[in-house]
Number of protein chains: 2
Amino acid sequence: MIYTITLNPAIDHIILVDKNINLGMTNYYSNDYDVIGGKGINAAIVLNNLEDNVEAIGILGKDNKDIFIKKFNEIGLKNNFFINEGSTRVNYKIKNLSINQETELNGMGFKTQESNLLNIKDYIKKNVSEKDIVIVTGSIAMGINDNIYKEIGEIVVNKKALLVCDCKNELLKNVLEVKPYIIKPNLEEICSTFNIEYKDNFSFDEIENLINKLKILGARNILLSMGSDGSMYFSEDNSVYKVGVAKGKLVNSVGAGDSMLAGFVYGINNNLDIENTLKYAASCGGATAFTEWLANKKEIIDLLEQISVTKIK
Amino acid sequence: MIYTITLNPAIDHIILVDKNINLGMTNYYSNDYDVIGGKGINAAIVLNNLEDNVEAIGILGKDNKDIFIKKFNEIGLKNNFFINEGSTRVNYKIKNLSINQETELNGMGFKTQESNLLNIKDYIKKNVSEKDIVIVTGSIAMGINDNIYKEIGEIVVNKKALLVCDCKNELLKNVLEVKPYIIKPNLEEICSTFNIEYKDNFSFDEIENLINKLKILGARNILLSMGSDGSMYFSEDNSVYKVGVAKGKLVNSVGAGDSMLAGFVYGINNNLDIENTLKYAASCGGATAFTEWLANKKEIIDLLEQISVTKIK
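This report concerns the structure included in the present document. (Residues numbered from 1 in each chain as written. Chains lettered and ligands numbered in written order. Predicted model: local features only at pLDDT ≥ 70, side-chain atom pairs only at ≥ 80, totals over all residues. Heavy atoms only, no water.)

**As for the overall build of chain A**
Alright, step 1. Secondary structure summary: chain A contains ten helices and 15 strands in total.
Alright, step 2. Taking 313 residues into account, the globule formula puts the C-alpha radius of gyration at 20 Å, and chain A, at 19 Å, falls close to it.
Alright, step 3. Dimensions along the principal axes, computed over C-alpha positions, put chain A at roughly 60 × 45 × 40 Å.
Alright, step 4. Burial analysis of chain A (313 residues in total) assigns 55% to the buried set.
Alright, step 5. Long-range pairs, those at least 24 residues apart, make up 66% of the contacts in chain A between residues at least 6 apart in sequence.
Alright, step 6. Taken as a whole, chain A presents about 13,700 Å² of accessible surface, with 46% of it coming from carbon and sulfur.
Alright, step 7. Looking at chain A, you have 34 positive and 40 negative side-chain charges, and the mean spots of the two groups are 2 Å apart. (Helix = DSSP H or I, 4+ residues; strand = E, 2+ residues; numbered from the N terminus. Rg over C-alpha atoms; globule rule 2.2 N^0.38 Å. Buried < 20%, exposed > 50% of the residue type's maximum accessible area, 1.4 Å probe, protein only. Contact = heavy atoms within 4.5 Å. Areas by Shrake-Rupley, 256 points an atom, 1.4 Å probe, with all protein chains shown as cover. Lys, Arg positive; Asp, Glu negative; His and termini not counted. Charge placed at Lys NZ, Arg CZ, Asp CG, Glu CD.)

And the structure:
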């Protein structure tokens, strides 16, 4: 079983406008709709679309939980969310279609009750077993200590399950202490975590140096995502793979990284070799980027043959 | 009985931000909440707060009608809304508290089904009787002809009920043909209706000239609202009253005009003399402007004694 944990879900409320927005004035929008989000939920939906055995767990705000539950039921995603007083955060994303500009007004959402964190840890203790995979990913809601992924990770690692992690800064530094099986940062996240200035043109040597810093702190395998430049995979046996991208028109980059992680986990959970695992990762990321929301199975499978995987070390 | 008709209700979704908004960037908001709106609904709520016998009628979109119904039940407002396919329009109002700036992103909402307009006219035919008051106010939703207030007005006038109207442009010109008992324009609305350039400093003679144009088209009594300058009342027997304002801090001007109309109708419905009717109009308008949403009875009564009413002609 794969478990994804989402401690800071979101409702993205998309507002589409056709003209430039004048602040302080009356403007009109052409369409608006809600999309549920949160990195763990995104990954779970893609794994579910791939018909893998996945359950999304986490915390939802009492006042607006229905949109999540309704969607989970609609797509048949197993889920176990603990309910917190208040609302899950709502992010308003105003998309100006005329100049392809996105303005975000992001909310804070509920303050997490300690009891819900205990509930989650308890649930993992009771349910996770050897060879299960647990994905902890994304930011955390208010009231949660940045030790949380480390605390959850300890339980997971003690169960001999695989810990998969996608986060940054203190959350990442802390969780590295329990030696997660794989992490999936990008270069900006690594720079932010190590408080190094980010630049566009890191050399391969510089990248390897950063990866080694992560390994020293506890990372076992690292999937380095580089957007439209593809990705690199640094394994614990010190081999390095370069992974290409599929061709397509970017429709929506939200969830592409989460889909990539989902694709990687799909490969691991289905005992694919590393080349095919990396192909699934890149296909899932690309397929989501080329579609309105998260990619479905056919969209993912269709891209697989386009993905190049080259062992460079 | 007083009936208010709302053909273009709205849900105002208020988003409060504490800092300047950067378009194209990620910003954060501190709070958000929904307020139901629509000029007829606002007037009905104030009349209901004054414990008058009022029923709000109109059309609501199927997909988001619950927030209205819930609020009507909560405050005990009689209502009869016909349900249309789609959503009632949602207006996003982004309030930047740091510079007191309001940016609106307004929606269009449902396209009105002809059957619902027939239902409304039918309901009025069946229910309205002599001495009832019917308030038609505000803009109309997509798919409604700007003859609608005239058509409703004809039914109302034939029943010997009083027609009260607050609208502008073609809606106003058309409804004037059935000689509404009272209309409540401001100078900008009159200028827009007659396609005259608006200016800040109309003389009394110029104002009287505009009022006479409205009377020639069919207006019987006219309550001219002038915001913080108070209002003037031009009656069908050619007397003119100047009405002052209460002192207070402007908190929220939304619904102040609708409250003013509600106060006037309260006076008429309760057989108050014109001076006290005008006092109620000004008190209701002021009390709503000085509070977060629509004024309650106590807030209205407390301002009454501050309102000056002077017969100037």
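Read on, since the account is not over.
**Some details on the packing of helix H3 (residues 114-127) of chain A against helix H4 (residues 148-158) of chain A**
All names here are of chain A.
Alright, step 1. At a minimum axis separation of 9 Å, H3 and H4 run at an interaxial angle of 20 degrees. With respect to their mutual orientation, H3 and H4 come out roughly parallel. The element H3 and its partner H4 pack so that their crossing is right-handed. Residues Leu-117, Ile-120, Lys-121, Ile-124 and Lys-125 of H3 lie in contact with H4, whose contacting residues are Ile-148, Glu-151, Ile-152, Ile-155 and Val-156.
Alright, step 2. Taken together, the residues that form the contact of H3 with H4 break down as seven nonpolar, no polar and three charged. (Axes fitted to C-alpha atoms, helices over the stretch in contact; angles between N-to-C directions. Parallel < 35°, antiparallel > 145°, perpendicular 65-115°, else oblique. Left-handed = near helix turned anticlockwise from the far one by under 90°. Nonpolar A, V, L, I, M, F, W, Y, C, P; charged D, E, K, R; others polar.)

**Brief notes about empty space enclosed by the protein**
Alright, step 1. Per the counting criterion, the structure on display carries two cavities of 30 Å³ or more.
Alright, step 2. As a volume, the largest cavity reaches approximately 50 Å³.
Alright, step 3. Considering the residues around the largest cavity, the lining is formed by Ile-21, Leu-23, Ile-94, Thr-103 and Leu-105 of chain A together with Ile-21, Leu-23, Ile-94, Thr-103 and Leu-105 of chain B.
Alright, step 4. Per-class residue counts for the lining of the largest cavity are eight nonpolar, two polar and no charged.
Alright, step 5. Its volume calculated, the second largest cavity comes out at about 30 Å³.
Alright, step 6. If one sorts the elements of the lining of the second largest cavity by residue count, strand E4 (residues 31-37) of chain A sits on top with three residues.
Alright, step 7. Here the lining of the second largest cavity is built from residues that sort into five nonpolar, three polar and one charged. (1 Å grid on protein atoms, 1.4 Å probe; cavity = no way out; pocket = protein on both sides within 12 Å on 5 of 7 lines; lining within 4 Å. Points joined across faces, edges and corners; volume = space filled by probe spheres on them.)

**Here we look at the nonpolar core**
Alright, step 1. Core analysis: the biggest nonpolar cluster contains 107 residues, and Leu-105 of chain A together with Leu-105 of chain B have the highest contact counts within it.
Alright, step 2. Mapped onto the domain boundaries, this core takes at least three residues apiece from domain 1 (1-144) and domain 2 (220-313) of chain B.
Alright, step 3. When sequence neighbours within four positions are dropped, the list of residues in contact with Leu-105 of chain B reads Ile-15, Val-17, Ile-21, Asn-27, Tyr-29 and Ile-94 of chain A together with Val-90, Asn-91, Tyr-92 and Ile-94 of chain B. (Core = buried A, V, L, I, M, F, W, Y, C linked by side-chain atoms within 4.5 Å. Domains from an automatic or database assignment.)

**Some words on the sheet that holds strand E2 (residues 10-17) of chain A**
Alright, step 1. Spatially, five strands are ordered E4(A)-E2(A)-E7(A)-E8(A)-E3(B) in an open sheet, and the strand pairing comes out mixed. In this open sheet, the two edge strands, each paired with only one partner strand, are E4 of chain A together with strand E3 (26-28) of chain B. With strand direction ignored, the average angle separating the axes of adjacent strands in the sheet is 20 degrees.
Alright, step 2. Pairing geometry for E2 of chain A and strand E7 (residues 90-96) of chain A, over seven bridges, is parallel. Bridge pairing in E7 of chain A places His-13 of chain A opposite Tyr-92 of chain A.
Alright, step 3. Each of E2 and E4 of chain A is contacted by helix H2 (residues 66-75) of chain A, which is oriented at about 75 degrees to E4 of chain A, the strand it contacts most. (Pairing = 2+ DSSP bridges.)

**Some thoughts on the pattern of salt bridges**
Alright, step 1. Evaluated as defined, the whole model comprises 36 salt bridges over all chains.
Alright, step 2. For Glu-208 of chain A, the salt bridge goes to Lys-313 of chain A, with nearest N and O atoms at 2.4 Å. Linking Glu-208 of chain A in helix H7 (residues 204-217) with Lys-313 of chain A in the segment after strand E15 (309-311), this pair joins segments that are 105 residues apart in sequence.
Alright, step 3. Here Lys-313 of chain A falls in the partly exposed class, since its relative accessible area comes to 47%.
Alright, step 4. With a closest N to O distance of 2.6 Å, Glu-151 of chain B and Lys-121 of chain B form a salt bridge. Taken together, the positions of Glu-151 of chain B in helix H4 (residues 148-158) and Lys-121 of chain B in helix H3 (residues 114-127) put the pair 30 residues apart, joining distant regions of the chain.
Alright, step 5. Each of the salt bridges in this network shares a partner with another, and the network as a whole consists of Lys-39, Asp-166, Lys-184 and Asp-258 of chain A. (Salt bridge = Lys/Arg side-chain N within 4 Å of Asp/Glu carboxyl O.)

**Side note on the interface of chain B and chain A**
Alright, step 1. Contact with chain B, which involves 23 residues of that partner, is made by 23 residues of chain A.
Alright, step 2. Buried area between chain B and chain A, summed over both chains or domains, comes out near 2,100 Å², and the portion from carbon and sulfur atoms is 61%.
Alright, step 3. When residues of chain B are sorted by the area they lose upon contact with chain A, Leu-23, Tyr-29 and Leu-105 of chain B head the list and together hold 30% of the total.
Alright, step 4. There are zero salt bridges connecting chain B and chain A.
Alright, step 5. Inspection of the chain B/chain A interface yields 16 residue pairs in polar contact (both at pLDDT 80 or more).
Alright, step 6. When contributions to the side of chain B that touches chain A are tallied by element, the ones reaching two or more residues are strand E2 (10-17), E3, strand E7 (90-96) and strand E8 (101-106) of chain B.
Alright, step 7. By residue number, the principal contributor to the side of chain B that touches chain A is E8 of chain B, which donates six residues.
Alright, step 8. Its residues assigned to classes, the side of chain B that touches chain A comprises eleven nonpolar, nine polar and three charged.
Alright, step 9. Alignment of strand E8 (residues 101-106) of chain A against E3 of chain B, held across three bridges, turns out to be parallel. (Buried area = accessible area lost by both parts, 1.4 Å probe. Polar contact = N/O pair within 3.5 Å; in protein donor to acceptor, adjacent residues only side chain to side chain.)

**Describing the relation of the copies chain B and chain A**
Alright, step 1. The transformation that overlays chain B on chain A combines an axial shift of 0.1 Å with a rotation of 180 degrees, and the residual RMSD is 0.1 Å. This pairing of chains is accounted for by a two-fold axis. Relative to the rotation axis, the C-alpha of Leu-23 of chain B is the closest in chain B, positioned 4.5 Å from it.
Alright, step 2. The overlap is high: 100% of the interface residues of chain B also sit at the interface in chain A, so the same surface is used on both sides. (Least-squares fit on C-alpha atoms with pLDDT ≥ 70 in both.)

**Some remarks on the side chain of Thr-137 of chain B**
Alright, step 1. Within the secondary structure, Thr-137 of chain B is located in strand E9 (residues 133-137).
Alright, step 2. Among the polar contacts made by the side chain of Thr-137 of chain B, one reaches the main-chain carbonyl oxygen of Asp-166 of chain B at a distance of 3.3 Å.

**Some words on the pairing of strand E6 (residues 78-84) of chain B**
Residue and element names in this part refer to chain B.
Alright, step 1. In this sheet, E6 lies alongside strand E5 (residues 54-61) in parallel orientation, the contact comprising seven bridges. The partner of Gly-58 across the bridge, within E6, is Phe-81.
Alright, step 2. Viewed along the sheet, the connection from E5 through helix H2 (residues 66-75) into E6 turns out right-handed. (Right-handed = clockwise from strand over helix to strand, strands pointing away.)

**Some remarks on the packing of aromatic side chains**
Alright, step 1. Using the criterion set out here, one finds 19 aromatic pairs over all chains in the structure.
Alright, step 2. In this structure, Lys-213 of chain A is placed above the aromatic ring of Phe-194 of chain A, and the distance from its NZ or CZ to the ring centre is 5.1 Å. (Phe/Tyr/Trp six-rings, centres within 6.5 Å; stacked < 30°, edge-to-face > 60°. Lys NZ or Arg CZ within 6 Å of the ring centre and 35° of its normal.)

**Some remarks on H7 of chain A**
Residue and element names in this part refer to chain A.
Alright, step 1. The end-to-end C-alpha distance of H7, which contains 14 residues, comes to 20 Å, matching closely the 20 Å that a straight helix rising 1.5 Å per residue would cover.
Alright, step 2. If you check which residues of H7 are buried, you get Ile-207, Glu-208, Leu-210, Ile-211, Leu-214 and Lys-215. The buried side chains of H7 occupy one side of the element, clustering within an arc of 160 degrees when seen end-on. For H7, the exposed residues lying more than 90 degrees away from the buried face are Asp-205 and Ile-216.
Alright, step 3. On the buried face of H7, the contacting elements are helix H5 (169-176), strand E11 (182-183), helix H6 (187-194), strand E12 (221-225), strand E13 (231-234) and strand E14 (240-243).
Alright, step 4. At the C-terminal side of H7, Gly-218 shows a positive phi close to 135 degrees. (Expected span 1.5 Å × (residues − 1). Arc of directions from axis to C-beta.)

All quantities given are derived from atomic positions and should not be read as evidence of function.
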